[in-house]
Amino acid sequence: MANTAAQPRERITNFTPYEIKKGEEYMSPEMLEHFKQLLLQWKQELMEEVDRTMHHMQEDAANYADPSDRATQEEEFSLELRTRDRERKLIKKIDQTIDRIDKDDYGFCDQCGVEIGIRRLEARPTATLCIDCKTLAEIRERQTGI
Ligand SMILES: [Zn+2]
C-alpha cells in the first residue's frame, strides 16, 4: 500500500517544449494554445489521480477489521484527504489559468509586468510571477514567517 498519499503532480510529466519561430512575438496565439494544451493535459492527469485515490480509499476501507489496523488506516486516510485537497486546489488554479489564457492575459508577471518566460512557464504553467518577484516574495514570506 505504498505511495497511497503521493504528492499531486506539481508539473506536467511529458510534453514537447515549444519551439519559438523566428520573429514570433511572445504569447502569440500558437504559444497561448501550446500552454492551454499543457494545462488541459495536466488537469487530466490530476483528475485521474483523484479517481485513483478515491478508489484506493474505498478498497482500503473494506480491508481493515483489526482496531490497530484501523488507526493506521485513519492516518492513511487523512493523508490521502490532504492530497486530494491539494489536487482540488491545483485543478482550480489550472482552471483559473486556462481562463486567463482565454482572455489573453497570460505569461506576464502580475507584479512587475515583465515576460515570465516560456521555459519557466513550461516548468510551472500556473506561475503568475516572474522569477525575480517570486524570489522576493519567498524571501518576504520567510522573514514574516507566514
Ligand atoms: Zn516580476
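Since this is a predicted model, take the numbers as computed values, not measurements.

A. Fine view of the overall build of the protein chain. Secondary structure summary: the protein chain contains four helices and zero strands in total. Listing the helices and strands of the protein chain from first to last along the sequence gives α-α-α-α. A burial count over the protein chain gives 34% of its 146 residues as buried. The contacts of the protein chain with a sequence gap of at least 6 include a subset with a gap of at least 24, amounting to 63%. Carbon and sulfur atoms form 51% of the exposed surface of the protein chain, whose accessible area is close to 9700 Å².

B. Local environment of the UniProt feature "zinc finger region: dksA C4-type" (unreviewed entry) in the protein chain. As annotated in UniProt, the feature "zinc finger region: dksA C4-type" (unreviewed entry) corresponds to residues 109–133 in the numbering used here. The span residues 109–133 is 36% helical and 0% strand by assignment, and the distance between its end C-alpha atoms comes to 8 Å.

C. Spatial organisation of the coordination of the zinc ion. Within the first shell, the zinc ion binds the protein through Cys 109 (SG), Cys 112 (SG), Cys 130 (SG) and Cys 133 (SG), at distances of 2.3 Å. For the zinc ion, the four donor atoms are set out with angles of 105 to 114 degrees between them, so the coordination reads as tetrahedral. Overall, the relative accessible area of 5% leaves Cys 109 in the buried class.

D. Main features of the pattern of salt bridges. What the rule picks out here adds up to 10 salt bridges. Put simply, Arg 119 and Glu 122 hold a salt bridge, and the shortest N to O gap is 2.6 Å. Of this pair, Arg 119 and Glu 122 both sit in helix H3 (residues 118–123), separated by three residues, roughly a single helical turn. On the basis of relative accessibility, which here comes to 46%, the residue Arg 119 falls in the partly exposed class. Residue Glu 122 is classed as buried on the basis of its relative accessible area of 3%.

E. Structural detail: the packing of aromatic side chains. Under the criterion given, the structure shown has two aromatic pairs. A ring pair is formed by Tyr 26 and Phe 108, whose centres lie 5.2 Å apart and whose planes are at 85 degrees; its orientation type is edge-to-face. Here Phe 108 lies in the loop between helix H2 (67–102) and H3 and Tyr 26 lies in the segment before helix H1 (29–63), a separation of 82 residues in the sequence. Taking relative accessible area as the criterion, Phe 108 reaches 38% and is therefore assigned partly exposed. Between Phe 35 and Tyr 106 the ring centres are 5.5 Å apart and the planes differ by 55 degrees, which places this aromatic pair in the tilted class. Here Phe 35, found in helix H1, pairs with Tyr 106, found in the loop between H2 and H3; they are 71 residues apart in sequence, far enough to count as distant.

Cut-off values and rules
- Residues numbered from 1 in each chain as written.
- Predicted model: local features only at pLDDT ≥ 70, side-chain atom pairs only at ≥ 80, totals over all residues.
- Heavy atoms only, no water.
- Helix = DSSP H or I, 4+ residues; strand = E, 2+ residues; numbered from the N terminus.
- Buried < 20%, exposed > 50% of the residue type's maximum accessible area, 1.4 Å probe, protein only.
- Contact = heavy atoms within 4.5 Å.
- Areas by Shrake-Rupley, 256 points an atom, 1.4 Å probe, with all protein chains shown as cover.
- UniProt positions renumbered as here; feature names shortened; annotations may be inferred.
- Donors = N, O, S within 2.8 Å, 3.2 Å for Na, K, Ca; no water.
- Tetrahedral: all angles 85-135°; square planar, octahedral: opposite > 155°, others 65-115°.
- Salt bridge = Lys/Arg side-chain N within 4 Å of Asp/Glu carboxyl O.
- Phe/Tyr/Trp six-rings, centres within 6.5 Å; stacked < 30°, edge-to-face > 60°.

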